[in-house]
Amino acid sequence: MTMIGNDGKPVSKEGLRQHLAAYNTQSRGSKEFAAIPRALVTVCDNLKAGKTTYVKCLDGQLQLSRRKDNSIQAA
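Just so you know, these numbers come straight off a predicted model, no measurement behind them.

Definitions and limits used
- Residue positions within a chain follow its written sequence, with the count starting from 1.
- Totals for whole chains, interfaces and linings use all residues, but because this is a predicted model, local features are given only for residues with pLDDT of at least 70 and pairs of side-chain atoms are given and counted only at 80 or more.
- Excluded from the side-chain calculations are hydrogens and water; all other atoms, namely the structure's heavy atoms, are used.
- Per the convention used, a helix needs a DSSP run of H or I reaching at least four residues, while a strand needs a run of E reaching at least two, with both numbered from the N terminus.
- Side-chain atoms alone can form a polar contact between residues adjacent in sequence; in general such a contact is a pair of N or O atoms within 3.5 Å, and within protein one must be able to donate a hydrogen while the other accepts it.
- What counts as a salt bridge is simple: a side-chain nitrogen of Lys or Arg found within 4 Å of a carboxyl oxygen of Asp or Glu.
- Geometry is summarised by axes, namely lines fitted to C-alpha atoms with helices restricted to the contacting stretch, and by angles between N-to-C directions that run from 0 to 180 degrees.
- An angle below 35 degrees is read as roughly parallel, one above 145 as roughly antiparallel, one from 65 to 115 as roughly perpendicular, and any other as oblique.
- Note on convention: near helix rotated counterclockwise from far helix by under a right angle means a left-handed crossing. Clockwise means right-handed.
- Contacts between residues were defined by any pair of non-hydrogen atoms, one from each residue, lying within 4.5 Å.
- Think of a nonpolar core as a cluster: buried Ala, Val, Leu, Ile, Met, Phe, Trp, Tyr and Cys residues, connected wherever their side-chain atoms sit within 4.5 Å.
- Working definition: with a 1.4 Å probe on protein chains only, accessible area under 20% of the residue-type maximum means buried, over 50% means exposed, and in between means partly exposed.
- Two strands are said to pair when DSSP picks up at least two bridges between them.

Caption draft 1: Quick look at the environment of N46. By the secondary structure assignment, N46 is in the loop between α3 (38–45) and β1 (52–57). With 20 residues separating them along the chain, N46 and R66 place their C-alpha atoms 9.9 Å apart. Separated by 3.0 Å, the side chain of N46 and the backbone oxygen of T42 make a polar contact.

If you want it as structure tokens, here you go:
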């Protein structure tokens, strides 16, 4: 299943990276954080430190991992 944005369209790898930047830097109540797809927030929230997962995008899949400083990195 491809990651779907809040506009109902599939998200590209670059779009997903932008959402991850907002996830790592913005507060949960901000307008930028609200623009992140809810499914992505759920995946990121449930990712434990040192673990990785894969998210399918419009143009392939992207590996996500949680660093020890609790930020999410896309490889």
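Caption draft 2: Summary view of unusual backbone geometry. Of note in the backbone geometry, N70 takes a positive phi value of approximately 75 degrees without being a glycine. Relative to the assigned elements, N70 resides in the loop between β2 (60–66) and β3 (72–74).

Caption draft 3: Layout of the pattern of salt bridges. Going through the model one piece at a time under the given rule, you end up with one salt bridge. The partner of D45 in a salt bridge is R28, with the nearest N and O atoms 2.6 Å apart. Taken together, the positions of D45 in helix α3 and R28 in the loop between α1 (13–25) and α2 (31–34) put the pair 17 residues apart, joining distant regions of the chain.

Caption draft 4: View of the packing of α1 against α3. At a minimum axis separation of 11 Å, α1 and α3 run at an interaxial angle of 60 degrees. By the angle class used here, α1 and α3 are oblique. The handedness of the crossing between α1 and α3 is right-handed. The segment α1 lies against α3, with L16, H19, L20 and Y23 engaging L40, V41, C44 and D45.

Caption draft 5: Layout of the nonpolar core. In this structure, L16, Y23, I36, L40, C44, L64 and I72 are the most contacted members of the largest nonpolar core, which totals 17 residues. At the level of secondary structure, the elements contributing two or more residues to this core comprise α1, α3, β1 and β2. Per-element tally for this core: the top contributor is α1, with four residues.

Caption draft 6: Representation of the sheet that holds β1 in the model. The three strands are arranged β1-β2-β3 in an open sheet whose pairing can be described as antiparallel. What marks the edges here is a single partner per strand, and that holds for β1 and β3. Within this sheet the neighbouring strands show an average axis-to-axis angle of 30 degrees, counted without direction. One ladder, built from six bridges, connects β1 with β2; its direction is antiparallel. Directly across from T52, in β2, lies its bridge partner S65. α1 contacts β1, β2 and β3 of the sheet and is inclined by roughly 20 degrees relative to β2. Lying over the sheet, α3 contacts β1, β2 and β3, oriented at roughly 40 degrees with respect to β2.

Any link to function would need more than the numbers given here.
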